[in-house]
Amino acid sequence: MEKKRVILDTDTGVDDAMAIIFGIKSEALQIEAITTVAGNVDVEKCTRNVLRVLALMNKKVPVGKGCDRPLVKPQFSVPSVHGADGLGDLEEDGKTFYPPLDKSLLSKLHAVDLILESINNHHDEITLVATGPLTNIASAILKDPRTMRKIKEIIVMGGAVNVPGNIPPGAAEFNIYVDPHAAEIVLGFALPLTLVGLDVTHQVRLTRNLVAQELGSKSDKIPQFIFKATEKYMDFYRDNQGYDGCYLHDPLAVGVAIDQSYVKAEEMKIYVETEGKVTSGMTMPFRHPMLKKESPNVSVCVEVDHKRFLSNFLRIAKES
Ligand SMILES: [Ca+2]
């Protein structure tokens with residue numbers, strides 16, 4: 001089977017790290033590059049975190065450091081969710097957890113140019129999987145729309161269409177909230193685009209008990225990393241939402257790149273709210289009962305086979 005060429009554009013916190021692991025280990029994908037953008041934590045930390053994951057896996061993939069702030073809004077990050085370092089602070093108090101980082105993997109190109117170069121090297125073959133705010137991708141569209149037309153498809157972890165968002169008071173999902181102006185550009189670009197939003201990712205639940213049972217006793221580096229890095233991440237959900245676990249938001253976006261049949265999607269016209277006082281970042285579907293509807297711009301995931309996805313994710317996470 002020919003592998004699908006993928007660029008992962010990430011704001012590497014805990015679930016992005018799991019998405020990178022899942023993507024690199026999957027036999028269906030060829031990860032051409034990993035790019036970073038400010039989101040969960042600042043872009044320097046996100047970039048270091050990608051190098052950490054690659055060091056744990058002993059894999060060599062070009063890494064491009066990208067935009068350090070959203071297009072218009074001020075930067076917004078969430079160290080309270082992913083730990084101060086974005087990966088659950090496994091090296092707190094002088095401890096060592098990661099092997100030495102291979103800084104030679106860091107491209108001289110900015111993420112935007114690394115994305116454009118990869119697309120130019122592989123016309124109509126690149127699947128772009130975005131698991132962070134869409135600043136890099138919007139910037140690439142603004143810089144060179146002709147090259148961006150040669151993308152095969154974009155899969156975005158983001159949005160909350162028929163369910164509440166995860167930014168209080170609940171209009172918006174985090175990635176779109178951080179840079180709604182970028183999201184508006186990307187969703188308006190009329191490329192094949194699949195939105196993997198909270199409608200489906202909130203159904204993919206990794207509980208603390210399940211992680212302990214499946215990965216806790218494995219001595220390999222990757223299961224141990226997932227077991228330990230998810231601890232603080234799960235503390236956040238336990239303390240704030242009464243749910244002792246986390247969601248596999250970003251791994252599911254990679255899962256959709258691996259096997260579209262994990263999800264069912266509906267074509268919709270989605271608007272991104274860029275200005276609202278309480279609704280900034282909302283992904284609003286056209287839902288007025290007019291007979292003449294606007295043309296759809298996005299394929300929105302509305303159902304997920306969460307059991308099959310979770311069992312495949314855990315199987316791949318356990319493999320040495
Ligand atoms: Ca992310």
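Everything that follows concerns the structure shown earlier in this document.
Residues numbered from 1 in each chain as written. Predicted model: local features only at pLDDT ≥ 70, side-chain atom pairs only at ≥ 80, totals over all residues. Heavy atoms only, no water.

Draft legend 1. Representation of the side chain of Gln 224. Considering the arrangement of structural elements, one finds Gln 224 in helix H11 (residues 221-241). A residue is classified by how much of its surface remains accessible, and Gln 224, at 15% relative accessible area, is buried. Beyond its immediate chain neighbours, meaning those up to four positions away, Gln 224 contacts Phe 97, Leu 215, Gly 216, Lys 218 and Ser 219. (Helix = DSSP H or I, 4+ residues; strand = E, 2+ residues; numbered from the N terminus. Buried < 20%, exposed > 50% of the residue type's maximum accessible area, 1.4 Å probe, protein only. Contact = heavy atoms within 4.5 Å.)

Draft legend 2. Just the coordination of the calcium ion, in detail. Each protein donor to the calcium ion is listed here as Asp 11 (OD), Asp 16 (OD), Asp 16 (OD), Thr 131 (O) and Asp 250 (OD); together their distances run 2.2 to 2.5 Å. For the calcium ion, the single-chain donor residues occur in sequence as D-x4-D-x114-T-x118-D. Taken as a pair, Thr 131 in the loop between strand E4 (126-130) and helix H5 (135-143) and Asp 250 in helix H12 (residues 249-258) lie far apart in primary sequence, 119 residues in all. (Donors = N, O, S within 2.8 Å, 3.2 Å for Na, K, Ca; no water.)

Draft legend 3. Local environment of the sheet that holds E4. Pairing is mixed in the open sheet, where eight strands are placed in the order E3-E2-E1-E4-E5-E6-E12-E9. Whereas interior strands pair on both sides, the edge strands pair on one side only; in this sheet they are strand E3 (63-65) and strand E9 (263-268). Mean inter-strand twist for the sheet, computed between neighbouring axes without regard to direction, equals 25 degrees. (Pairing = 2+ DSSP bridges. Axes fitted to C-alpha atoms, helices over the stretch in contact; angles between N-to-C directions.)

Draft legend 4. Spatial organisation of the nonpolar core. Ranked by size, the top nonpolar core spans 69 residues in total, and within it Ile 34, Leu 206, Phe 225 and Ile 226 carry the most contacts. Examining the composition of this core, we find that eight residues originate from one element, helix H1 (residues 14-25), more than from any other. Filtering out sequence-adjacent residues up to four positions away, Ile 34 remains in contact with Leu 8, Thr 10, Ile 20, Ile 24, Val 50, Leu 54, Val 61, Pro 62, Val 63 and Gly 64. Judged by nonpolar contacts, the second largest core, of 36 residues, contains Ala 138, Ala 140, Met 148 and Phe 189. (Core = buried A, V, L, I, M, F, W, Y, C linked by side-chain atoms within 4.5 Å.)

Draft legend 5. View of the environment of Gln 260. Mapped onto the secondary structure, Gln 260 falls in the loop between H12 and E9. Residues Gln 260 and Val 304, 44 residues apart in the sequence, show an inter-C-alpha distance of 10.0 Å.

Draft legend 6. Spatial organisation of the pairing of strand E2 (residues 29-36). For E2, the buried fraction is high: seven of the eight residues fall into the buried class. Here strand E1 (residues 4-10) runs beside E2; their pairing, made up of seven bridges, is parallel. Its bridge partner lying in E2, Thr 10 is registered against Thr 36. Once the chain exits E1 it traverses H1 before rejoining the sheet at E2, and the crossover so formed is right-handed. Where E2 meets E3, three bridges bridge the pair, whose relative direction is parallel. (Right-handed = clockwise from strand over helix to strand, strands pointing away.)

Draft legend 7. The arrangement of the pattern of salt bridges in detail. One pass over the full model with this rule turns up 20 salt bridges. Among the salt bridges present, the one from Arg 308 reaches Asp 305, with a minimum N-O distance of 3.3 Å. One salt-bridge network, held together by shared partners, links Arg 208, Asp 235, Arg 238, Asp 239 and Asp 244. (Salt bridge = Lys/Arg side-chain N within 4 Å of Asp/Glu carboxyl O.)

Draft legend 8. Representation of the pairing of E4 within the structure. Burial within E4 is extensive, with five of its five residues counted as buried. Here E4 shows a buried face lined by Ile 126, Leu 128 and Ala 130 and a second buried face lined by Thr 127 and Val 129. By the bridge criterion, five bridges tie E1 to E4 in an arrangement that is parallel. Within E4, the position partnered with Leu 8 by the bridge is Val 129.

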